[in-house]
Amino acid sequence: MADLGELSEKLAGIKQEITVELTKLDNSKAVFEYRKSIMDSKTGKIGSLMREMGKIPNELKSEYGKKVNEIRGWATAEFDALEVKFKEQEMQRRYESEKIDVTLPSKKLTRGNLHPTTQVRNQIVDIFGSMGFAIYEGNEIEKDYYNFTALNIPQDHPARDMQDTFYLSPEFLLRTQTSSGQIHVMEAQQPPIKIISPGKVFRSDDDATHSPMFSQMEGLVVDKGITLCDLQGMLDVFVQKIFGEDTKTRLRPSYFPFTEPSVEVDVSCFQCKGCGCKLCKGTGWIEVLGAGVVNNTVLEGCGIDSNVYSGLAFGIGIERIAMLKYGINNIKLLFESDLRVLDQIDD
Ligand code: DAH
């Protein structure tokens, strides 16, 4: 290319072509691609112009460079402007399509709750925890010795018939009562002792109020001068927190081999307030747990001097408390995981 006139004509042609092409583009990506093709230093209509410099006579080189820069500046401004315009439009379209209506009602989230048995267990743990009881977790598989013999229920003792036992071998069984934990604690530790022991127990028993697996909470206090009064005082706090401030306890004589004296603890009916209703079978009282003063034979068997120390013990059926508290008349409902039942109980 020898003269600038020819160059000007060529540049005008390029300008014209670009102007027309730009009117055909309709999005920023197309502008980007087109710009790349025009500005490519080897093949681009504008990008390759500088490569021609070699063919230009020296005296025209500066004028040539100026004109090339001019068209490069013009094209860049055109591309930039169009790209900005399209990008704005594209952003606008995205805003429109992704618009969220924050006033729409949200999907309802369903929240689970703890199982009623767990709720009651936690409440009982909290109540006795606040009275300074520590937690001892016993074993579900237990030696006959801990479940029976050490609790003053020797082989062939009729009290063994009170609890239908799942034996795993002549020596091992599934514990029938959390009372077995008492022995482990007293063997391991000298008084003062103040523990509760929640856990599963197992009996071959199955009807509306009994299940082959259920939960108990054992309580054991051993110290100097512990009496039945301490037992009733603690149980009063317990029943008032579980069933209501005005609930009273009543102790009735009973029999458990590991306590002497033994008592059955009743609470005043929290439904009819003692007047007599279906729940309390017209008596005004409901039986809730077994308890007593720890039998000296049991203390001595664990190496605790019964001349110095005395103890109290109690055993709470957790499902029984849950059934009374929430008005559940069949223990099966606590084992069937029916959400229609479980959803209603959230303390
Ligand atoms: N272990 C007894 C049972 O399962 C309940 C019980 C009664 C526990 C009296 C005690 C107690 O600690 O003193 O039937």
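One numbering rule holds for all chains: residues counted from 1, following each sequence as written. This being a predicted model, a pLDDT of at least 70 is required before a residue's local features are given, and a value of 80 or more before pairs of side-chain atoms are given or counted; all residues contribute to the totals for chains, interfaces and linings. Values shown for side chains rest on all heavy atoms present in the structure; no hydrogens or waters enter the calculation.

(A) Spotlight on the site of the ligand. Near the ligand you find 16 residues, and of these Q177, S179, R203, Q216 and E218 are the closest. Here an oxygen atom of the ligand sits 2.6 Å away from a polar atom, N or O, in the side chain of R203. Identification of polar contacts relies on pairs of N or O atoms within 3.5 Å, with a donor-acceptor requirement for protein atoms, meaning one able to donate a hydrogen and the other able to accept it, and with residues adjacent in sequence counted only if both atoms are side-chain atoms. F314 has a polar backbone atom sitting 3.4 Å from an oxygen atom of the ligand. To be clear on the numbers: accessible area is Shrake-Rupley with a 1.4 Å probe, and residue cover counts the displayed protein chains and nothing else. Within the complex, 92% of the 350 Å² of free accessible area of the ligand lies under protein. Think of it this way: one heavy atom of a residue within 4 Å of a molecule or strand is enough to make that residue near it.

(B) Main features of the pattern of salt bridges. Note on definitions: salt bridges are taken to be side-chain nitrogens of Lys or Arg within 4 Å of carboxyl oxygens of Asp or Glu. A full pass over the atoms with the stated rule returns 15 salt bridges. R35 serves as the salt-bridge partner of D80, at 2.6 Å between the closest nitrogen and oxygen. Linking D80 in helix α3 (residues 58-97) with R35 in helix α2 (residues 28-39), this pair joins segments that are 45 residues apart in sequence. Relative accessibility under 20% of the residue-type maximum defines a buried residue, over 50% an exposed one, and the middle range a partly exposed one, all with a 1.4 Å probe and only protein chains included. Overall, the relative accessible area of 19% leaves R35 in the buried class. Notably, a salt bridge pairs D206 with K332, separated by 2.9 Å at the nearest N-O pair. Separated by 126 residues along the polypeptide, D206 in the loop between β4 (193-202) and β5 (213-223) and K332 in the loop between α9 (318-326) and α10 (339-342) bring together distant segments of the chain. When its relative accessible area of 52% is taken as the criterion, D206 is described as exposed. It is possible to trace a salt-bridge network through shared partners that takes in R35, D80, E83 and K87. To qualify as a helix, a DSSP run of H or I must reach at least 4 residues; to qualify as a strand, a run of E must reach at least 2; elements of each kind are numbered from the N terminus.

(C) Representation of the packing of helix α7 (residues 228-243) against α9 in the model. It is at 11 Å that the axes of α7 and α9 come closest, and there the two elements cross at 45°. Overall, the two elements α7 and α9 adopt an arrangement that is oblique. Contacts between α7 and α9 involve F238, I242 and F243 from the first element and I321, L324 and K325 from the second. Its residues assigned to classes, the contact of α7 with α9 comprises five nonpolar, no polar and one charged. Every axis in this analysis is a line fitted to C-alpha atoms, fitted for helices over the stretch in contact. Angles between the N-to-C directions lie between 0 and 180 degrees. Any angle between 65 and 115 degrees counts as roughly perpendicular, while under 35 counts as roughly parallel, over 145 as roughly antiparallel, and the rest as oblique. What makes two residues a contact is simply this: any of their non-hydrogen atoms within 4.5 Å. Each residue is assigned to one class: nonpolar for Ala, Val, Leu, Ile, Met, Phe, Trp, Tyr, Cys and Pro, charged for Asp, Glu, Lys and Arg, and polar for all the others, Gly among them.

(D) Up close: helix α6 (residues 180-188). With seven of nine residues buried, α6 lies mostly within the body of the structure. Of the surrounding elements, those touching the buried residues of α6 are β2 (141-143), α5 (144-147), β4, β5, α8 (296-301) and β9 (310-317).

(E) Representation of the pairing of β4. Summarising burial for β4: eight of the ten residues are buried, a large majority. As judged from the two bridges shared by strand β1 (residues 134-135) and β4, these two strands associate in the parallel manner. Bridged to A134 within β4 is I195. Here a strand pair is declared whenever DSSP counts at least two bridges between the two strands. Pairing of β4 with β5 involves ten bridges; the strand directions are antiparallel. Each residue of the ladder has a partner; that of F202, found in β5, is M213.

(F) A look at the pairing of strand β7 (residues 259-268). Counting buried positions along β7 yields eight of ten residues, so the element is predominantly enclosed. Where strand β6 (residues 249-256) and β7 come together, seven bridges link them in antiparallel fashion. Directly across from R250, in β7, lies its bridge partner D266. The pairing of β7 with strand β8 (residues 285-294) spans eight bridges and is antiparallel. Counterpart to T259 in the pairing with β8 is V294.

(G) Looking closely at the environment of M53. Its place among the elements puts M53 in the loop between α2 and α3. Residues M53 and Y64, eleven residues apart in the sequence, show an inter-C-alpha distance of 7.8 Å. Once residues lying within four places of it in the same chain are set aside, the contact partners of M53 are K61, Y64 and G65.

(H) Quick look at the nonpolar core. In this description, a nonpolar core means a group of buried Ala, Val, Leu, Ile, Met, Phe, Trp, Tyr and Cys residues linked to one another through side-chain atoms lying within 4.5 Å. Of all hydrophobic cores here, the largest spans 42 residues; its most connected members are I124, F128, F238, F243, L289, F314 and I316. In contact with F128, other than residues within four places in its own chain, are F133, I196, L235, F238, F314 and I316. Counting 23 residues, the second largest nonpolar core, distinct from the first, contains Y146, A150, A159 and Y309.

(I) How the structure looks around helix α1 (residues 4-24). Multiplying 1.5 Å by the residue count of a helix minus one yields the expected span of that helix. In a regular helix each residue adds 1.5 Å, so 21 residues correspond to 30 Å; α1 covers 30 Å between its end C-alpha atoms and thus fits that length. Here the buried face of α1 lies against α2 and α3.

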